[in-house]
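Here are the chains, one letter per residue:
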Amino acid sequence: KAGVTQTPRYLIKTRGQQVTLSCSPISGHRSVSWYQQTPGQGLQFLFEYFSETQRNKGNFPGRFSGRQFSNSRSEMNVSTLELGDSALYLCASSLLAVAETQYFGPGTRLLVL
Amino acid sequence: QKEVEQNSGPLSVPEGAIASLNCTYSDRGSQSFFWYRQYSGKSPELIMSIYSNGDKEDGRFTAQLNKASQYVSLLIRDSQPSDSATYLCAVRTSYDKVIFGPGTSLSVIP
């Protein structure tokens, strides 16, 4: 099976812009979670989607949003980018919403200038 | 108190030795525990998951869970230079979020 794919892999934006990141889970997986990883804060949970519904959300401002499509692909959007949003954004998929094992994609590295 | 804490590291061990990585968590209702390995510039990959008290072995890796003490550990036997990476402890909490610890950097010296 193909693994989790994320596009784009690298992105440079300026403050105030918005960005959309995409994640395609492993075929058959219905749950997609998003994480932000920075050197200072580590890996932080953003949100989780299952069957097009947001099941859980981390402690991030409303500028961070996401959605999941009927084919389980997911997108996350960050509006009004700030310098502090520079990070590696990781998507992870799992078979079911309450399934335990998550498989991570390669990530999208976002740099905000 | 942070929800998931790990040895501050970095941890250095000689090749062939046992590396011991520790993790504590605050949510007593947590039921699922994971160890991920992350090489520099790469995404995390799952090493082991553990759900019940006691030990779980997989090759050179042994995960140990003690729910009463809210403690989970990972032992790596016969450490190899290729084991040099950051090890992340993750806990699926009772409120159904997966919380990662800050990670412990392991360096295996040839």
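Heads up: the structure comes first, above all this text.
### Comments concerning the interface of chain A and chain B
(1) Moving on: Residue-level contacts link 19 residues of chain A with 15 residues of chain B.
(2) Moving on: Together, the buried faces of chain A and chain B total about 1,500 Å²; carbon and sulfur atoms form 47% of this surface.
(3) Moving on: Broken down residue by residue, the surface that chain A buries against chain B is led by L43(A), E100(A) and F104(A), which jointly contribute 35%.
(4) Moving on: Along the contact surface separating chain A from chain B lie 2 salt bridges.
(5) Moving on: Two residues, E48(A) and R92(B), come together in a salt bridge whose shortest N-O distance is 3.3 Å.
(6) Moving on: Applying the counting rule to chain A against chain B returns 8 residue pairs in polar contact (both at pLDDT 80 or more).
(7) Moving on: Only β4 (31–38), β5 (42–50) and β6 (53–57) of chain A provide two or more residues apiece to the side of chain A that touches chain B.
(8) Moving on: Class assignment of the residues belonging to the side of chain A that touches chain B gives a composition of 9 nonpolar, 6 polar and 4 charged.

### Topic: the sheet that holds strand β7 (residues 61–66) of chain B
Residue and element names in this part refer to chain B.
(1) Moving on: If you walk across this open sheet you meet the 5 strands as β1-β3-β8-β7-β6, and the pairing is antiparallel. Of all strands in the sheet, those with a lone pairing partner are β1 (4–6) and β6 (54–58), marking the two edges. Between one strand and the next, the sheet's axes are offset by a mean angle of 20°, whatever the strand orientation.
(2) Moving on: Relative to β7, β6 runs antiparallel, the two being bridged by 5 bridges. Looking at β7, one finds that G54 is bridged to L65.

### Brief notes about the state of the cysteines
Residue and element names in this part refer to chain A.
(1) Moving on: All told, the structure shown has 2 disulfides over all chains when counted by the stated rule.
(2) Moving on: Through a disulfide, C23 is tied to C91; the S-S separation comes to 1.7 Å. Every disulfide takes its handedness from the sign of the S-S torsion; for C23 and C91 that torsion is -50°, giving left-handed. You can see C23 sitting in strand β3 (residues 19–24) and its partner C91 sitting in strand β9 (residues 87–94), a full 68 residues away along the chain.

Quick notes on the rules
- Residues numbered from 1 in each chain as written.
- Chains lettered and ligands numbered in written order.
- Predicted model: local features only at pLDDT ≥ 70, side-chain atom pairs only at ≥ 80, totals over all residues.
- Heavy atoms only, no water.
- Contact = heavy atoms within 4.5 Å.
- Buried area = accessible area lost by both parts, 1.4 Å probe.
- Salt bridge = Lys/Arg side-chain N within 4 Å of Asp/Glu carboxyl O.
- Polar contact = N/O pair within 3.5 Å; in protein donor to acceptor, adjacent residues only side chain to side chain.
- Helix = DSSP H or I, 4+ residues; strand = E, 2+ residues; numbered from the N terminus.
- Nonpolar A, V, L, I, M, F, W, Y, C, P; charged D, E, K, R; others polar.
- Pairing = 2+ DSSP bridges.
- Axes fitted to C-alpha atoms, helices over the stretch in contact; angles between N-to-C directions.
- Disulfide = S-S within 2.5 Å.

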